[in-house]
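Notes for the structure review
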Amino acid sequence: MARRNRKKQRVNGFLMPAPVASVVVMLSVLALAYIWLGTRCESVGKAIKVLESEQVILKQELSNQRGKWAEMKSPRNLERALAKHGIRMTLPKGQQLVEIRGKFYEGWRNTFDDSPKYARLERSRTHE
Amino acid sequence: MNDRSLIRRVVLSGAVLVLALIGLGGRLAFLHLSGHAEVHASVKKTRHIKRELTVRRGNICDRGGSNNLLALDMAVKDVCADPMKIVQENKVVEVASVLAERLDLPTDTVAVKISDPKRRFAYIRRYLPREHADELASLELPGVFLENSLIRFYPQQDMLCHVLGFVNREGVGSAGIEQRLNRYLKGSPGYMESEVNALRQEVYLQRGRHIPALPGADVTLTIDQHIQFAVENAVDEIMAEHSPKGAWAIVEKVKTGEILAMASRPSFNLNKFNKSDENARMNRCIGFVYEPGSTFKAITIAASLNEGTVTRDTVFNCEHGTWYYGGKRLRDFHAYGDLTVADGLKKSSNILAAKVALTLGDKRLHEYLESFGIGRKSGIGLPGEEYGILHPVRRWSKISSTRIAMGHGVAVTSLQVLNALCAIANNGVLMKPYIIERITGEDGTVLSQAHPEALGRPINSRTAATMRHLLYRVTEAGGTGKRARVPDFEVAGKTGTAEKPSNGGYSGTAHVASFVGFLPASNPEIGIIVVVDEPQPLHTGGRVAAPYFSKIAEQTVRYLGTQPSKTKFADRNLSGGRVSLASRY
């Protein structure tokens, strides 16, 4: 039986040399990476733009809400709202101030400033 | 079909395709590589955008900080239209009626704006709140679109209107703090250069120059909105009760010069400033110059005490109400005989004040008035502040000092008078009044921080202590200012009732009534002035201004938690019994 000559086996058609193929593959990879990066940059850019506009809208919304809040809690509006419910509030008189002294209170007082603090409790006449 | 025919067709199709591609390629190469600058420029111009980025104006808040906003920018929308598009779509009537109904505008006005086929832009309504704008946008009216805009908003409306001022439609501060600090508040608009795609959307990757907008700095005032509210209520009550031409009041911290409240009437709504008149816009606290009347006696007597030309117990003959000097008559409201300086101040004797001034001499009196800040701006930093009128000594006549001593022949602003009284309260140290506490950048950097600043010391502490007691006696029984008393507190002050100049003389019917004072009298913390221009029918400072001084003072000390002094004048005998009959005048 004759021995089969493996070295003489031939492939039909054009065989691209390995270095050239490597270069082509590398270029293809680079091109794909470039395209992918470009697309990615574009999508990130779009996301940034969306976030930018959201930020502007949120800032404006915050500003509007702060304005409304300031209007609602202005002294005039507060007084009007209290009056609507038949409530009238006045600041306490000197005799209605009760000074609190104590260990805890002293520590707390020293933390902030030297001025004395007063709890504002209104005493009814029957308790005096 | 045989093979040759097939091959021919394929070759022909391929040739056509190749030719087409060559043509397109050639055109592309021509467009890109040719030197048609105008083509390039046209394309570039179409795609290139330059945009100024709008900037938020800084906030203004009271001494409580950003929680108590007094002025801020709010985002609103401008309703705009493309008349050409609306006309082309033949929707003028429909769009006009909907817009008119939603925006509460006359239909014909809207129709006129949107019916010009040559125009591509028209404002229908500016500064529409966003909620309403969103409703309008949901209707998707043809040719109608919304643009973002900012509007200055004042949550407290007319409160503190003269101090805050306003911003005109161009965004420029035009009065008050808005004008004074415009360069800080306005910020710096940003700038952006970029390119857009076929849909006119910005391509982020093509963004060139981008300078973000720098928001305006925030301003913190020394004003306390709660005290301000009390003062505003008080001046409103004065306007209702006495029907004056104007009424105003200031609250100042004696030891620092901080202005806690400043209110003036008539006033105006800051959010509708363009509907107010010039008279309402005037800040009378610093812009109204008037003859102060008897409140000035406190300054005259303080100067004389400081110079030692009189003591509190020096006795003057008050001529039983009528005194001729320099050929002119001077009268007291009530007739008095002999009065000590202390009693003369308590009873507000014109003749006594005039005689005290004569002991001082013109030059020294003028020097003292200047050192108390009369005749010059206080430096509070608000636009519209007046100097007042204090003529140089060389222009004084023989009787000038006798009239200036009782607050005639000299004109002041109420802030000058208050500050002078606060100097007496502050051991003789004249503080510079200030209303701007701090300016803070957006990142929290403090750009400017105000500190109490002493302008001088017109009188020494001993004179100041004596004056505090003398002024305290004014609010005691028998004094002209007893209606200024505050429960639990000792109040020191001086009433003023000045006839207004008229036709070269003085009007018998038009007066300026005022009360200026401080409390607690022995250890002052708060100085207050209340001035009423032409009150009716009552016209004296003691009856018109003093009760409102009391009202403002009571609420202020309660709010601030100020405690009455433990050492009271009432418990001390300060008269000393040193009545000097030898020094009778």
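What you see is a predicted model, and the numbers here were worked out from it, not measured in a lab.

Description of helix α10 (residues 225–242) of chain B
Residues and elements named next belong to chain B. Here α10 spans 25 Å end to end across 18 residues, near enough to the 26 Å set by a 1.5 Å rise per residue. Inspection of α10 places Q225, I227, Q228, F229, A230, V231, E232, A234, V235, I238 and H242 among the buried residues, and these make up the whole buried set. The distance from a side-chain oxygen at the start of α10 to the backbone nitrogen of H226 is 2.9 Å, and the residue carrying that oxygen is D224. Backbone geometry just after α10 places S243 at a positive phi near 45°.

Some remarks on a positive patch on the surface
Among the surface-exposed residues, K482(B), R483(B), R485(B) and R543(B) lie close enough to one another that they form a single positively charged patch. Among the secondary structure elements, R483(B) is positioned in the loop between α19 (461–474) and β20 (492–502).

Describing the packing of helix α18 (residues 414–425) of chain B against α19(B)
All names here are of chain B. Interaxial distance between α18 and α19 falls to 8 Å at its minimum, and their mutual angle equals 115°. One element, α18, and the other, α19, form an angle in the roughly perpendicular class. In this structure, α18 uses L421, I424 and A425 to contact α19, whose residues at the interface are A464, M467, R468 and L471. Of the residues belonging to the contact of α18 with α19, the class tally is six nonpolar, no polar and one charged.

A word on the pattern of salt bridges
Throughout the structure, instances matching the rule amount to 30 salt bridges over all chains. Ionic pairing is found between R207(B) and E52(A), a salt bridge with its closest N-O pair at 2.9 Å. One end of the pair, R207(B), is in the loop between β7 (202–203) and β8 (210–211); the other, E52(A), is in helix α1 (residues 18–72), on a second chain. Among the salt bridges present, the one from R558(B) reaches E554(B), with a minimum N-O distance of 2.7 Å. Linking R558(B) with E554(B), this pair stays in helix α21 (residues 546–560), spanning four residues, or about one helical turn. By relative accessible area, R558(B) is classed as buried at 16%. One connected set of salt bridges, linked through shared partners, spans K49(A), E52(A), E202(B) and R207(B).

The rules we used
- Residues numbered from 1 in each chain as written.
- Chains lettered and ligands numbered in written order.
- Predicted model: local features only at pLDDT ≥ 70, side-chain atom pairs only at ≥ 80, totals over all residues.
- Heavy atoms only, no water.
- Helix = DSSP H or I, 4+ residues; strand = E, 2+ residues; numbered from the N terminus.
- Expected span 1.5 Å × (residues − 1).
- Buried < 20%, exposed > 50% of the residue type's maximum accessible area, 1.4 Å probe, protein only.
- Polar contact = N/O pair within 3.5 Å; in protein donor to acceptor, adjacent residues only side chain to side chain.
- Patch = residues over 30% accessible without salt bridge, like charges linked within 9 Å, V, L, I, M, F, W, Y side chains within 5 Å.
- Areas by Shrake-Rupley, 256 points an atom, 1.4 Å probe, with all protein chains shown as cover.
- Salt bridge = Lys/Arg side-chain N within 4 Å of Asp/Glu carboxyl O.
- Lys, Arg positive; Asp, Glu negative; His and termini not counted.
- Charge placed at Lys NZ, Arg CZ, Asp CG, Glu CD.
- Axes fitted to C-alpha atoms, helices over the stretch in contact; angles between N-to-C directions.
- Parallel < 35°, antiparallel > 145°, perpendicular 65-115°, else oblique.
- Contact = heavy atoms within 4.5 Å.
- Nonpolar A, V, L, I, M, F, W, Y, C, P; charged D, E, K, R; others polar.

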